[in-house]
Amino acid sequence: MDDDEIPTLVAADTEANAVGLATAPDEDEIPKVPITIVTGYLGAGKSTLLNYILTEQHSKKIAVILNEFGDSVDIEKEITISKEDGTQVEEWLELGNGCLCCSVKDNGVAAIENLMERRGKFDYILLETTGLANPGNIAPLFWLDDGLGSTIYLDGIVTVVDASNILRSLDEKVDAGSENCEDTATTAHLQISHADVVLINKADLVTSEQLFQVKNRIEAINGLAKVFVTERGVLGRQNLEEWLLDLKAYKDVGDLSVKARNMIGSKVDPTISTVVAHIDSRLNVTQMELLDAWLRSILWEGVIPLPNGRQCEAPVVHRLKGRVVGDNGSVMLIQGVREVFEIFNASERGVEAVRDSQSGKMVLIGRKLDGVNIDESLRWFVFRNNGGAAT
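The text that follows walks through the structure, step by step, so that each part is easy to find.

### Considering the layout of surface pockets
- Put simply, the largest pocket is a space of about 570 Å³.
- Along the walls of the largest pocket sit 28 residues, with Asp-196, Leu-224, Ala-225, Lys-226 and Lys-321 positioned nearest its centre.
- Within the residue set of the lining of the largest pocket, elements represented by two or more residues are helix 8 (208-221), strand 8 (226-229) and strand 12 (316-325).
- Sort the elements by how many residues they give to the lining of the largest pocket and strand 8 lands first, with three residues.
- When the residues that make up the lining of the largest pocket are grouped by side-chain class, the tally is 12 nonpolar, five polar and 11 charged.

### Focus on the side chain of Asp-196
- Relative to the assigned elements, Asp-196 resides in the loop between helix 7 (187-193) and strand 7 (197-201).
- Accessibility expressed as a relative area gives 9% for Asp-196, which makes it buried.
- In this structure, Asp-196 is in contact with Gly-156, Ile-157, Ala-225, Lys-226, Ala-249, Tyr-250, Arg-319 and Lys-321, ignoring residues within four places of it in sequence.

### A few points about the pairing of strand 14 (residues 340-345)
- Judged from the six bridges that link them, strand 13 (residues 331-337) and strand 14 form a sheet pairing that is antiparallel. Each bridged residue has a counterpart across the sheet, and for Leu-333 the counterpart in strand 14 is Phe-344.
- Count of turn residues in the strand 13/strand 14 antiparallel hairpin: two residues, of which Arg-338 carries a positive phi of about 55°.

### Notes on the pattern of salt bridges
- Enumeration according to the criterion identifies eight salt bridges in this entry.
- One salt bridge in this structure joins Asp-196 and Arg-319, with 3.4 Å as the shortest N-O distance. Here Arg-319 lies in strand 12 and Asp-196 lies in the loop between helix 7 and strand 7, a separation of 123 residues in the sequence. With respect to class, Asp-196 is no different from Arg-319; both count as buried.
- Salt-bridge contacts for Asp-292 lead to Arg-296; the nearest nitrogen and oxygen are separated by 2.7 Å. With Asp-292 and Arg-296 both in helix 10 (residues 285-299) and four residues apart, this pair spans about one turn of that helix.
- On the basis of relative accessible area, Arg-296 is assigned to the partly exposed category, the value being 30%.
- Three or more residues joined by partner-sharing salt bridges are found here, namely Asp-196, Arg-319 and Lys-321.

### Concerning the sheet that holds strand 12
- Strands sit in the order 9-15-12-13-14 across an open sheet of five strands; the sheet is antiparallel. Each of the sheet's edge strands pairs with one partner strand only, and the pair in question is strand 9 (273-279) and strand 14. Averaged over neighbouring strand pairs, the angle between their axes works out to 10° when direction is ignored.
- Judged from the seven bridges that link them, strand 9 and strand 15 (residues 360-367) form a sheet pairing that is antiparallel. Each residue of the ladder has a partner; that of Val-275, found in strand 15, is Leu-364.
- Of the strands in this sheet, strand 13 and strand 14 are in contact with helix 5 (residues 135-143), which crosses strand 13 at around 130°.

### Describing the nonpolar core
- Leu-291, Trp-294, Leu-320, Met-362, Leu-364 and Ile-374 are the most contacted members of the largest nonpolar core, which has 29 residues in total.
- Take this core: its biggest share by element is eight residues, from helix 10.
- Dropping the residues within four chain positions of it, Leu-364 is found in contact with Ser-273, Thr-274, Val-275, Trp-294, Val-317, Arg-319, Leu-320, Leu-369 and Ile-374.

What counts, and at which threshold
Residues numbered from 1 in each chain as written. Predicted model: local features only at pLDDT ≥ 70, side-chain atom pairs only at ≥ 80, totals over all residues. Heavy atoms only, no water. 1 Å grid on protein atoms, 1.4 Å probe; cavity = no way out; pocket = protein on both sides within 12 Å on 5 of 7 lines; lining within 4 Å. Points joined across faces, edges and corners; volume = space filled by probe spheres on them. Helix = DSSP H or I, 4+ residues; strand = E, 2+ residues; numbered from the N terminus. Nonpolar A, V, L, I, M, F, W, Y, C, P; charged D, E, K, R; others polar. Buried < 20%, exposed > 50% of the residue type's maximum accessible area, 1.4 Å probe, protein only. Contact = heavy atoms within 4.5 Å. Pairing = 2+ DSSP bridges. Salt bridge = Lys/Arg side-chain N within 4 Å of Asp/Glu carboxyl O. Axes fitted to C-alpha atoms, helices over the stretch in contact; angles between N-to-C directions. Core = buried A, V, L, I, M, F, W, Y, C linked by side-chain atoms within 4.5 Å.

Structure below.
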């Protein structure tokens, strides 16, 4: 279907909805719905991506929340219902391919609360942000929110970038008055550093050498994100499942593998980097508590503790993932966004974690992390009162 073609609307069956609500199972019996945040600069290709989801027959029941100030303004013109007096109404529209669509002017929380009254009509939620949105401010709303957390869970963050313009965006000067200002970190840096998946769109507009430079820069900023390349915004059914749905990025941490270029000392991007710290032995209860204290020092106080009373101040962690093993053999996983983090037992969450009898690993993405030895800090802090450093 052409991008300019109007999606087919079908009348909502009010009577059927009423019956569905009347016979709906208890809240505890209804599974949580995954939500994926889709971000990226204006013109990166979010419109093409969302238009595909809203128009193609892909057999997925997806609720899409379009941001009125985002990349999908052309789509919104076609699907926004208006009252007789000409004023716009924000409400959920049921599209011909089984998807639902709504346009909002904020971060989408109100739209999701309204959407959950239609539970059973959709299996996934996609939330588009504005082109200048910092996903680090949005993710915690859907990750650990006491209200929304009972009905949805954050599945991941997908950032769409324009292969022909992203390097220019990363190199532009930061506006000191911007709400996203972090010294030299641009909005493009923030959108990439928080991403679980990065879609490099418009690859057909650059050479193979330029595309290599783009991938190299992105992977240097975020060594954990999966990176995929698209041409002319083409997205097939298999890509939809692999790139946007069932990411489970906030449930499992994967194998925490990071390419060599992302290790300490990477100079590909001087603004934001990915660093890795290792724990080579199991942790007892006291050491687990010290690990928690170490994370609080970095994420809450902005201080990286070091031996001999040294401190490295003002790191800013955007994303954190980790895995450690307790002395009883339990695998503990760590997830974090900004100052919000969680340490949880993998088996209790139904996660088939990568099991290793001894080693643990922590991956941090953020600013001012590559100027200090994170490995040294973590090992010293966790093992300092327990018989020396880890081996």
